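Commentary on secondary and tertiary structure
Now for the letters of each chain:
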Amino acid sequence: MAGSWSALVPVNHLDRAKARLAALLTAGERQRLALATLHTVLAAATGAGATVTVFTSDPRVAAAAGPGIAVLDEDPALAGLNAQLEGAIRRLRPPPGELLILHADLPLASTAAIRAFVEAAPPAPSATLVRSRDGGTNAMFLAPPGLFALAYGPDSFARHVAAARGAGVRVHEVASPALALDLDTPADLGALLAIPGGPETSAGRIVASLGSRLRR
């Protein structure tokens, strides 16, 4: 896929970060983990050539985004992640012809993985997706965005595929181990440590420091 393209990275408020890990990690540890994976994802996306926008309501996340990263605040008039994302896409300037929506909690994200994913996209109109381990959508490259309704939430991969096909959009799934692992559950943390190189990632070092807590 040649030419310029944009990436939109939605990031939850840090006070709500990684809620499903609350029994294992303190609030401070969850926030550190969220910021570690965010920095990994942003470095990978910018390295792959994207114009990156972080979408968040948390000023701490905005401050952590770093130079060269645009920040877009949530719209208080909209409810729910899908409405917020669709509103954010409409507010992006210039309007993106090709847009990657990328989760912020991908500890193995790399420039090479994102570049390979984007280059695998078929010609427009198309939607190229990476399925998460639990059936979510960790990465979705839309060429162009706005042709079907977003459906993030449980089983979003299947719902995005159905919505795209219903709109006459070609769907392509990419099997990307680097983009398929997100960190939502204790099992995900264990999976990160079991992957070669996983313990050496920014998130992996935080997870490894949990020691015996991870084995409970």
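Owing to the predicted nature of the structure, the values given are computational and were not obtained by experimental measurement.

1. Quick look at the overall build of the protein
A count of helical and extended segments in the protein gives eight helices and seven strands. Scaling as 2.2 N^0.38, a compact globule of 216 residues should have a C-alpha radius of gyration of about 17 Å, and the protein matches this with 16 Å. Put simply, of all contacts in the protein between residues at least 6 apart along the chain, 63% involve residues at least 24 apart. A total of about 9500 Å² of accessible surface is found on the protein, and carbon and sulfur atoms cover 57% of it. Placing the 19 positive and 17 negative side-chain charges of the protein at their respective mean positions leaves the two points 3 Å apart.

2. Some thoughts on the pairing of strand 5 (residues 126-131)
Here strand 5 lies mainly inside the structure; five of its six residues are buried. When strand 5 meets strand 6 (residues 137-143), the two strands line up antiparallel, connected through six bridges. Residue pairing across strands places A127 opposite L142, the latter belonging to strand 6. The turn joining strand 5 and strand 6, which pair antiparallel and follow one another in sequence, is formed by five residues; a positive phi near 90 degrees is taken by G135.

3. Considerations on the sheet that holds strand 3 (residues 70-73)
With respect to topology, seven strands assemble into an open sheet ordered 3-2-1-4-6-5-7, the strand pairing being mixed. Bordering the open sheet on either side are strand 3 and strand 7 (170-173), each of which pairs with just one other strand. The sheet shows a mean angle of 20 degrees between the axes of neighbouring strands, taken without regard to direction. Taken together, the three bridges between strand 1 (residues 6-10) and strand 4 (residues 99-102) define a ladder with parallel strand orientation. Considered in strand 4, the bridge of L8 is made with I101. Lying on the sheet, helix 4 (residues 111-119) is in contact with strand 4, strand 5 and strand 6; it crosses strand 6 at an angle near 45 degrees. In the packing of helix 5 (residues 156-166) onto the sheet, contacts are made with strand 5, strand 6 and strand 7, and the angle to strand 5 comes to roughly 170 degrees.

4. Side note on the side chain of T128
Along the chain, the position of T128 falls in strand 5. Using a relative accessible area of 0% as the deciding quantity, one classes T128 as buried. Discounting chain neighbours no more than four positions away, the residues touching T128 are F117, A121, P122, A139, M140, F141, H172 and V174.

5. Regarding unusual backbone geometry
Cis rather than trans, the peptide bond between R93 and P94 has omega equal to 0 degrees. Assignment of secondary structure puts P94 in the loop between helix 3 (81-91) and strand 4. A positive phi angle, close to 55 degrees, is found at K18, a residue other than glycine. Summarising the element assignment, K18 is placed in the loop between strand 1 and helix 1 (27-47).

6. Things to note about helix 5
All buried positions along helix 5 are accounted for by S156, F157, H160, V161 and A164. Buried residues of helix 5, seen end-on, are gathered within an arc of 135 degrees and therefore sit on one face of the element. Exposed residues lying more than 90 degrees from the buried face of helix 5 are A158, A162, R165 and G166. Tucked inside the fold, the buried residues of helix 5 contact strand 5, strand 6 and strand 7. Once helix 5 finishes, G168 follows within two positions and takes phi at roughly 80 degrees, a positive value.

Reading guide: rules and limits
Residues numbered from 1 in each chain as written. Predicted model: local features only at pLDDT ≥ 70, side-chain atom pairs only at ≥ 80, totals over all residues. Heavy atoms only, no water. Helix = DSSP H or I, 4+ residues; strand = E, 2+ residues; numbered from the N terminus. Rg over C-alpha atoms; globule rule 2.2 N^0.38 Å. Contact = heavy atoms within 4.5 Å. Areas by Shrake-Rupley, 256 points an atom, 1.4 Å probe, with all protein chains shown as cover. Lys, Arg positive; Asp, Glu negative; His and termini not counted. Charge placed at Lys NZ, Arg CZ, Asp CG, Glu CD. Buried < 20%, exposed > 50% of the residue type's maximum accessible area, 1.4 Å probe, protein only. Pairing = 2+ DSSP bridges. Axes fitted to C-alpha atoms, helices over the stretch in contact; angles between N-to-C directions. Arc of directions from axis to C-beta.

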